[in-house]
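# Structural characterization, general
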Amino acid sequence: MIVKFNNRDPVYVQVVRHFKEQIARGMLEPGQEVSSRRELASQLKINPNTVQRAYKEMEEQGLIYTEKNSPSKITRDEDVLHRVREELILEAVDTFVTSVRSINVPVDELLELVKEKYDHQSDEEGGSAHD
Amino acid sequence: MIEVKDIKKKFGRKQVLNGVSFTANKGEITCLIGINGVGKTTILNAIMALTPVNSGEILLDGQKVTKQSFEKITFIPDAITMIPQMTIAEAMEFMDDYYDSWNQNRATELLGFFKLKQEDKISSLSKGNTAKVNLLLGLALDVDYILMDEPFSGIDIFSREQIADVFTSHLIEGRGVIITTHEISDIEHLIDKVVLLDEGIVLKEFNSEEVRESEGKSVVDVMREVYKA
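Computed from a predicted model, the values in this text were never measured in an experiment. (Residues numbered from 1 in each chain as written. Chains lettered and ligands numbered in written order. Predicted model: local features only at pLDDT ≥ 70, side-chain atom pairs only at ≥ 80, totals over all residues.)

Before going further, it helps to spend a moment on the domain arrangement of chain A. All names here are of chain A. Entries for chain A in the domain assignment read domain 1 (11-74) and domain 2 (78-130). Once you take the C-alpha centre of each, domain 1 and domain 2 turn out to be 26 Å apart. In this assembly, seven residues from domain 1 lie in contact with five residues from domain 2. Taken together, the residues that form the side of domain 1 that touches domain 2 break down as four nonpolar, one polar and two charged. (Domains from an automatic or database assignment. Contact = placed C-beta atoms within 7 Å. Nonpolar A, V, L, I, M, F, W, Y, C, P; charged D, E, K, R; others polar.)

Next comes the structure, spelled out in structure tokens:
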């Protein structure tokens, strides 16, 4: 697992985000066990204290849960899972809208372009997956 | 916790440390940063009582450093201090004789981790591998605190990565580490705390995640501000 961290956002926030993306994409499934603190630290090459902090944060947000004496697991709470996906999509759309608004493009033209690009890209991805 | 309180040190007329204070916690990696000649190594030597200070105080878990402390804290200097004719196995035996806290299981694990052969003579090793042996000899001690002087300097990128991996493993976990460096890029995500030094004083002491969180700055951003100011 290779995650590129930037140096300016708190590393623990980036770890939480990484988990949210994994959950939204279905790479991490509800009820799936997550790596231990130490395992994740060495996989991501970051400080175990930072992983600890990220896990604490995820626990508070309800993304993972820990039962006594067993590894933490991804939540099965549908609401939370739904919210994660929603949050990531909204965030991406917000960023897009902000940057595109400065060019003043009519929304219809924009939607057409987005659709075209999106189909094109997923075609490419679909194609390469079969290679 | 290691507490360095207002230490001053002169070499002849040159004031190398001019009232340095900082703390390093157990379970955290504290990084002393500063250009060459700023007194980083002198601070580590002072903590280990290898050099007397002119004034100030250094406490290890609330107590002064004595001979007994060396089962609790260790120093990995920037160059290996073993006799070059020794093999790695002999060097490990030497450490075992000398320290009660020597942990051969951990040493064996480190040999594997660094892909070193214990029958090799220290004098025959490459620079990178010599540095790894040096690190091994320090890390295999069951001590609470480890001081490392420039573990990354002059070492190739793959060896640096290997050494950096040690920091995220159980080999370091739970211990207090002070590391000196002048190149931060390899370990920016690994360190808990940064102490910026210049001309014998501490310019700034901060927690790296906190400045990212509250100010959106990287460690290098803060360094740029502090040193260019």
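Okay, back to it.
Turning our eyes to something else, we now look at the sheet that holds strand S5 (residues 63-64) of chain B. Strands pair in a sheet through their backbones, by hydrogen bonds, and they do so in one of two ways: parallel or antiparallel. Residue and element names in this part refer to chain B. Taken together, the four strands give an open sheet; going across it, the order is S2-S1-S4-S5, and neighbouring strands pair in antiparallel fashion. With one partner strand each, in any of the chains shown, strand S2 (14-24) and S5 form the two edges of the open sheet. Bridging between strand S1 (residues 2-11) and S2 involves eight bridges; their strand directions are antiparallel. For Glu 3, the partnering residue across the bridge sits in S2 and is Thr 23. Each of S1, S2 and strand S4 (55-60) touches helix H1 (residues 40-47); the most contacted strand, S1, lies at about 115° to it. (Pairing = 2+ DSSP bridges. Helix = DSSP H or I, 4+ residues; strand = E, 2+ residues; numbered from the N terminus. Axes fitted to C-alpha atoms, helices over the stretch in contact; angles between N-to-C directions.)

Our focus in this paragraph is the pairing of strand S7 (residues 145-149) of chain B. In summary, the side chains of a regular strand alternate between the two faces of the sheet. Residues and elements named next belong to chain B. Of all five residues in S7, five are buried; the element is thus mostly enclosed. Side chains of S7 alternate between two faces, with Tyr 145, Leu 147 and Asp 149 and Ile 146 and Met 148 buried alike. Direction of pairing for strand S6 (residues 73-76) relative to S7: parallel, over a ladder of four bridges. Looking at the pairing, Phe 75 lines up with Leu 147 of S7. Two elements, S7 and strand S8 (residues 176-181), share five bridges in a ladder whose sense is parallel. Bridging from a neighbouring strand, Met 148 pairs with Ile 179 of S8. Crossover connection from S7 via helix H5 (residues 157-167) to parallel S8: handedness right-handed. (Buried ≥ 20, exposed ≤ 12 C-beta atoms within 10 Å, placed from the backbone. Right-handed = clockwise from strand over helix to strand, strands pointing away.)

Residues and elements named next belong to chain B. Here the phi dihedral of Ala 49 falls at roughly 60°; this positive angle occurs in a residue that is not glycine. For Ala 49, the location among the structural elements is in the loop between H1 and S4. Taking the number of C-beta atoms within 10 Å as the measure of exposure, Ala 49 has 15 and is therefore partly exposed. Unlike most non-glycine residues, Glu 199 shows phi in positive territory, near 45°. Within the element layout of this structure, Glu 199 appears in the loop between strand S9 (193-198) and strand S10 (201-207).

Here the focus is the UniProt feature "domain: HTH gntR-type" (unreviewed entry) in chain A. Within the UniProt annotation, "domain: HTH gntR-type" (unreviewed entry) is assigned to residues 9-77 of chain A. Note that residues 9-77 of chain A is 51% helix and 6% strand, and that its end C-alpha atoms are spaced 28 Å apart. (UniProt positions renumbered as here; feature names shortened; annotations may be inferred.)

Residue and element names in this part refer to chain B. Strand order in this open sheet of six strands is S6-S7-S8-S3-S9-S10, and the pairing throughout is mixed. With partners counted over all chains shown, the strands left at the sheet margins are S6 and S10, one partner each. Neighbour-to-neighbour, the strand axes of this sheet turn through a mean angle of 15°, independent of strand direction. Bridge count for strand S3 (residues 29-33) against S8 is five bridges, and the pairing is parallel. By the bridge assignment for S8, Ile 29 is matched with Val 177.

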